[in-house]
Amino acid sequence: MTYFDDLSPYSYISEEGNSLNIGWLDKNHDFQKGDTSEEFIERLAWLTIYSTVKHTPGIHRCTLCQPGAFGFHLISHEGNSFILGSAEIRVKGNRAAYAAPDLLIHYVLGHRYLPPEDFISGVMVTGSRLHRDKWSLSTGPYWNTLNRQS
Ligand SMILES: [Zn+2]
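Quantities reported herein were computed from a predicted structural model and do not represent experimental measurements.

Peer 1: Help me understand unusual backbone geometry, please; the structure alone is not making it clear to me.
Peer 2: Glycine aside, the phi torsion of most residues is negative, and most peptide linkages are trans. Even without glycine at this site, Leu7 takes up a positive phi of about 70°. Note on placement: Leu7 falls in the segment before strand S1 (20-21). Overall, the relative accessible area of 44% leaves Leu7 in the partly exposed class. For Glu78, which is not glycine, the phi torsion reads 50° and is therefore positive. Along the polypeptide, Glu78 turns up in the loop between strand S3 (72-77) and strand S4 (80-83).

The following block contains the structure:
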């Protein structure tokens, strides 16, 4: 189980620096909910596809919705599907650096998770926008998925 309070110090997989956790949700803990902008979502999609770190062999599944026996959350882009739940993203805000699971985009779109404001500000100046026409989230089996670049 990988639950961490928002803004607690990141220590899941050892690394340099002092990132703060955000978005490590599970069904036993409440989290902040709200709306996020289209640009935030599109930039988060870019991060999720092009800028993941800490790839692990295990796959963490969303405990908020548990999508079926063979179901995993996938992000599809240009004909390729990537499995979510086995990598992380990093974002620099004004006040801190943040470590989040790549399932974050599902938590935002599927469960209305609202990340801390400083994280959102950081995403808004990171990477680029990936228009909503170019990618989609779905659930499905893990086969036929590819590894992303890190
Ligand atoms: Zn879910």
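Peer 1: It is not clear to me how the coordination of the zinc ion should be interpreted in this structure. Could you clarify?
Peer 2: Four donors placed tetrahedrally about a metal ideally form angles of 109.5 degrees, and six donors placed octahedrally ideally form angles of 90 or 180 degrees. Protein coordination at the zinc ion: the donors are Cys62 (SG), Cys65 (SG), His106 (NE2) and His111 (NE2), at 2.0 to 2.3 Å from the metal. Angles of 98 to 114° at the metal separate the four donor atoms of the zinc ion, which places the site in the tetrahedral class. We note that the donor set of the zinc ion lies within a single chain, spaced as C-x2-C-x40-H-x4-H. Within this pair, whereas Cys65 is found in the loop between strand S2 (52-53) and S3, its partner His111 is found in helix H2 (residues 104-111), the two being separated by 46 residues in sequence. The buried category is assigned to His111, whose relative accessible area is 16%.

Peer 1: Would you mind showing me how to read helix H1 (residues 38-50) here?
Peer 2: Owing to its 3.6 residues per turn, the α-helix brings residues three or four apart onto one side. The terminal C-alpha atoms of H1 lie 18 Å apart, and with 13 residues this matches the ideal 18 Å at 1.5 Å per residue to within 8%. Considered for burial, the residues of H1 that qualify are Phe40, Ile41, Glu42, Arg43, Leu44, Ala45, Leu47, Thr48 and Ile49.

Peer 1: Before we go on, may I ask you to explain the sheet that holds S1 in this structure?
Peer 2: Backbone-to-backbone hydrogen bonds pair the strands of a sheet. The strands run either parallel or antiparallel. Reading across the sheet, the four strands line up as S1-S6-S5-S2 and stay open at both edges, with mixed pairing between neighbours. With one partner strand each, in any of the chains shown, S1 and S2 form the two edges of the open sheet. Direction of pairing for S1 relative to strand S6 (residues 97-101): parallel, over a ladder of two bridges. Opposite Leu20, over in S6, you have Tyr98 as the bridge partner. Contacting S2 and strand S5 (88-92), H1 runs over the sheet at an angle of about 130° to S5.

Peer 1: Would you explain the environment of Gly127 in this entry?
Peer 2: Within the secondary structure, Gly127 sits in the loop between helix H3 (117-123) and strand S7 (135-140). Taking the C-alpha atoms as reference points, Gly127 and Leu47, separated by 80 residues in sequence, lie 6.8 Å from one another. Not counting residues up to four positions away in its chain, the partners in contact with Gly127 are Arg43 and Trp46.

Peer 1: I would appreciate a short explanation of the packing of H1 against H2 in the present structure.
Peer 2: When two helices pack together, their arrangement is given by the angle between their axes and by how far apart the axes lie. Look at H1 against H2: their axes get within 9 Å of each other, and the N-to-C directions meet at 150°. One element, H1, and the other, H2, form an angle in the roughly antiparallel class. Once H1 is placed against H2, the crossing between them reads as left-handed. Between H1 and H2, the contacting residues are Phe40, Ile41, Leu44, Ala45 and Thr48 on the first element and Leu104, Ile105, Val108 and Leu109 on the second. Split into classes, the residues belonging to the contact of H1 with H2 amount to eight nonpolar, one polar and no charged.

Peer 1: Mind showing me how you'd approach the environment of Ser19 here?
Peer 2: Here Ser19 is to be found in the segment before S1. On the basis of relative accessible area, Ser19 is assigned to the buried category, the value being 7%. Sequence spacing of Ser19 and Lys92 is 73 residues, and the spatial spacing of their C-alpha atoms is 8.8 Å.

So, how was this worked out
- Residues numbered from 1 in each chain as written.
- Predicted model: local features only at pLDDT ≥ 70, side-chain atom pairs only at ≥ 80, totals over all residues.
- Heavy atoms only, no water.
- Helix = DSSP H or I, 4+ residues; strand = E, 2+ residues; numbered from the N terminus.
- Buried < 20%, exposed > 50% of the residue type's maximum accessible area, 1.4 Å probe, protein only.
- Donors = N, O, S within 2.8 Å, 3.2 Å for Na, K, Ca; no water.
- Tetrahedral: all angles 85-135°; square planar, octahedral: opposite > 155°, others 65-115°.
- Expected span 1.5 Å × (residues − 1).
- Pairing = 2+ DSSP bridges.
- Contact = heavy atoms within 4.5 Å.
- Axes fitted to C-alpha atoms, helices over the stretch in contact; angles between N-to-C directions.
- Parallel < 35°, antiparallel > 145°, perpendicular 65-115°, else oblique.
- Left-handed = near helix turned anticlockwise from the far one by under 90°.
- Nonpolar A, V, L, I, M, F, W, Y, C, P; charged D, E, K, R; others polar.

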